[in-house]
Amino acid sequence: MRPVSQRVNAKKTHENNAEFGKSTSELLILKPEGYPLSGMMEEYPVIENRDVFEFYAREQWNGYVARKGDYLFDRRMFPDFAYRIIDVEPADSIIGNSTAIIVTEEENGVSSSAEIKSDVRFEDVIGQELAKQKCRLIERFLEEPERFGKWAPRNILFFGPSGTGKTMLAKALANKTDVPIIPVKATQLIGEYVGDGARQIHQLYDRAEEMSPCIIFIDELDAIALDRRFQELRGDVSEIVNALLTEMDGIVEREGVCTICSTNRISSLDSAVRSRFEEEIEFVLPGEEEIFCILESNVKTFPLQVEKCDFKTLAKKAKGLSGRDIVEKILKTALHQAIIEDREIVTGKDFERALARLGRKDFTPDPTHLYV
């Protein structure tokens, strides 16, 4: 066993605390760490009301000297459940009745599903005009959620090949409507113990409701919502799916919260999950004209000069690639090759070689192979 060097925070009373008289803590940021020992039946606390918890915490730990890195243990409702002190202002100060207490999931004081104010614009997503058009309804809902009532577009599914701009469009939608977006990878929702995943989903929606109007963006939905025929391959995630369905069904009313999920394996989704989406928006691979635009717009941001290149011909050869492949596997590879060779100019041959390495010159733009 590794030696434990962590200090144990002992309570200081007004009478015997030689340090009393120092400033009272103004801000205390805590991170839940769990129990010293755990088992499958352990119940983890969920903060239902932040104001009530703050009062509860101040009353319980009043008089403690708060030091960054120390642990505070609950002694009442969840005995021995530990919270680590991520930060305290001023340093080594005493918890008092006026101390503001924040509980976070991350080391830096930002929730694990931090809200993002996006700077992506619709113009940054090249192509996908039909998807953009359908997103106008979501845009109006986020701008005026009270106008829709029970007819709100709450659950939207983005589907299509990987790298076609699903995440970018969700961020652009958040930017256009000036609302926060909470991005989550579906795999992050799979907890270590039974109940962890469901708890995370409910906390996710609680947080979104506090910031509403708000977008929850769940990427790679198929990681948790796989068809039941394949569940034995994925493991048991039914409790996660049930929690997600409960939130999507609106059993608990979440005004101003829009759920957007994305997948590149729509045919593998469980039918119960897929039926909850009011709208399915398809994303397609870019055509030649769109590939040309992707190439031209991105080379303008290169840190090196680019010699005159026939991007029209290159676009024809790159047909069948996604926008991400074009940027990451052609443009970036060509740029890096020029840098490696200490050149100040990226040539057309660099782009041609990068494309040739993919071995996909004769690729047919048919995405059905992704859905097997």
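All figures in this text were calculated on a predicted structure; none of them were measured in a lab.

Enquirer: What is the right way to read the pairing of strand 9 (residues 214-219) from this model?
Expert: A regular strand carries its side chains on alternate faces of the sheet. Of all six residues in strand 9, six are buried, a share of seventy percent or more. Judged by which residues are buried, strand 9 turns out to be covered on both faces: Cys214, Ile216 and Ile218 on one side and Ile215, Phe217 and Asp219 on the other are all buried. Here strand 8 (residues 181-185) pairs with strand 9 via five bridges, running parallel. Across the sheet, Val184 pairs through a bridge with Ile218, a residue of strand 9.

Enquirer: I tried to follow the confidence of the model for the protein on my own but got confused; where do I start?
Expert: Note that predicted coordinates carrying low pLDDT should not be read in detail. Looking at the protein as a whole, the pLDDT averages 80, with 81% of positions reaching at least 70. Low pLDDT (under 50) marks residues 360-372, which in the prediction has 24 contacts with non-local residues, meaning those over four places away or in another chain.

Enquirer: Just to check I follow, could you spell out the pattern of salt bridges for this structure?
Expert: A side chain of one charge can pair with a side chain of the opposite charge if their charged atoms are brought near each other. Enumeration over the complete set of coordinates arrives at 24 salt bridges. Here Glu352 makes a salt bridge to Lys317, at a shortest N to O gap of 3.3 Å. Of this pair, Glu352 sits in helix 12 (residues 348-358) while Lys317 sits in helix 10 (residues 311-317), and the two are 35 residues apart along the sequence. Judged by relative accessible area, Glu352 falls into the partly exposed class, the value being 28%. Of the charged contacts, one joins Lys329 and Asp325 as a salt bridge, the two residues approaching to 3.4 Å between their closest N and O atoms. In this pair, Lys329 and Asp325 are both assigned in helix 11 (residues 323-340), four residues apart and thus about one turn of the helix distant. Salt bridges sharing partners connect three or more residues here, namely Asp206, Glu209, Glu247 and Arg254.

Enquirer: How do you make sense of unusual backbone geometry when you look at a structure like this?
Expert: The phi torsion of most residues other than glycine is negative, and most of the peptide bonds are trans. A cis geometry characterises the amide bond from Glu89 onward to Pro90, with omega recorded as -10 degrees. Relative to the helices and strands, Pro90 is located in the loop between strand 4 (82-89) and strand 5 (93-94). Here the residue pair Ser212 and Pro213 is connected by a cis peptide bond, since its omega of 0 degrees sits within 30 degrees of zero. You can see Pro213 is positioned in the loop between helix 5 (196-211) and strand 9. In this structure, Asp92 is a non-glycine residue whose phi angle is positive, near 55 degrees. Mapped onto the elements, Asp92 comes out in the loop between strand 4 and strand 5. Of note in the backbone geometry, Asp178 takes a positive phi value of approximately 60 degrees without being a glycine.

Enquirer: What is the right way to read the side chain of Thr177 from this model?
Expert: Along the chain, Thr177 falls in helix 4 (residues 166-177). In terms of polar contacts, Thr177 uses its side chain to reach the backbone carbonyl oxygen of Leu173, at 2.8 Å. Excluding residues within four positions of it along the chain, Thr177 makes contact with Glu139, Leu142 and Glu143.

Enquirer: Help me out: how do you make sense of the state of the cysteines in this one?
Expert: A disulfide bridge is the covalent bond that connects two cysteines by way of their sulfur atoms. This model, assessed by the stated rule, comprises zero disulfides. Counting only cysteine sulfurs, Cys258 is the nearest neighbor of Cys261, a cysteine outside any disulfide, at a range of 9.5 Å.

Enquirer: I tried to follow the nonpolar core on my own but got confused; where do I start?
Expert: Residues Leu221, Ile224 and Leu244 are the most contacted members of the largest nonpolar core, which totals 31 residues. Elements with a contribution of two residues or more to this core: strand 7 (155-159), strand 8, helix 5, strand 9, helix 7 (238-249) and strand 10 (257-263). When neighbours within four sequence positions are excluded, Leu244 is seen to be in contact with Ile201, Tyr205, Ile218, Leu221 and Ile224. Membership of the second largest hydrophobic core comes to 25 residues, among which are Val120, Phe141, Ile156 and Cys258.

Enquirer: Explain the packing of helix 2 (residues 129-143) against helix 4 here, please?
Expert: Packed helices, taken two at a time, are described by the angle their axes make and the gap between the axes. Orientation of helix 2 relative to helix 4, taken along the N-to-C sense of each, is 40 degrees, at an axis distance of 10 Å. Judged on the interaxial angle alone, helix 4 and helix 2 are oblique. The two elements helix 2 and helix 4 cross, and the hand of that crossing is right-handed. Taken together, the residues of helix 4 that come into contact with helix 2 (itself represented by Ala131, Lys132, Cys135, Ile138, Glu139, Leu142 and Glu143) are Leu169, Leu173, Lys176 and Thr177.

Enquirer: Help me understand the packing of aromatic side chains, please; the structure alone is not making it clear to me.
Expert: The geometry of two aromatic rings is summed up by the distance between their centres and the angle between their planes. Applying the stated criterion across every chain, the model contains ten aromatic pairs. Summarising the aromatic geometry, the rings of Phe53 and Tyr56 are spaced 6.3 Å apart at their centres and angled 40 degrees between planes, so their arrangement reads as tilted. In this pair, Phe53 and Tyr56 are both assigned in helix 1 (residues 50-61), three residues apart and thus about one turn of the helix distant. Taking the centre distance of 5.8 Å and the plane angle of 90 degrees together, the rings of Phe141 and Phe148 count as edge-to-face. Judged by its relative accessible area of 1%, Phe141 is buried. For Phe148, a relative accessible area of 17% puts it in the buried group. Here a set of aromatic residues connected by ring pairs shows up, and it is made of Tyr35, Phe53, Tyr56, Trp61, Phe81 and Tyr83.

Enquirer: Is there a simple way to think about helix 12 in this case?
Expert: Side chains that are three or four residues apart share a direction in an α-helix, a result of its 3.6 residues per turn. By the burial criterion, the buried members of helix 12 are Gly348, Asp350, Phe351, Ala354 and Leu355. Down the axis of helix 12, the smallest arc covering the buried residues is 165 degrees, so these residues share one side. Away from the buried face of helix 12 by more than 90 degrees, exposed residues Lys349 and Arg357 are located. Where helix 12 is buried, its residues touch helix 9 (288-299), strand 12 (305-306), helix 10, helix 11 and strand 13 (345-346).

Conventions and cut-offs
- Residues numbered from 1 in each chain as written.
- Predicted model: local features only at pLDDT ≥ 70, side-chain atom pairs only at ≥ 80, totals over all residues.
- Heavy atoms only, no water.
- Buried < 20%, exposed > 50% of the residue type's maximum accessible area, 1.4 Å probe, protein only.
- Helix = DSSP H or I, 4+ residues; strand = E, 2+ residues; numbered from the N terminus.
- Pairing = 2+ DSSP bridges.
- pLDDT = per-residue confidence, 0-100.
- Contact = heavy atoms within 4.5 Å.
- Salt bridge = Lys/Arg side-chain N within 4 Å of Asp/Glu carboxyl O.
- Polar contact = N/O pair within 3.5 Å; in protein donor to acceptor, adjacent residues only side chain to side chain.
- Disulfide = S-S within 2.5 Å.
- Core = buried A, V, L, I, M, F, W, Y, C linked by side-chain atoms within 4.5 Å.
- Axes fitted to C-alpha atoms, helices over the stretch in contact; angles between N-to-C directions.
- Parallel < 35°, antiparallel > 145°, perpendicular 65-115°, else oblique.
- Left-handed = near helix turned anticlockwise from the far one by under 90°.
- Phe/Tyr/Trp six-rings, centres within 6.5 Å; stacked < 30°, edge-to-face > 60°.
- Arc of directions from axis to C-beta.

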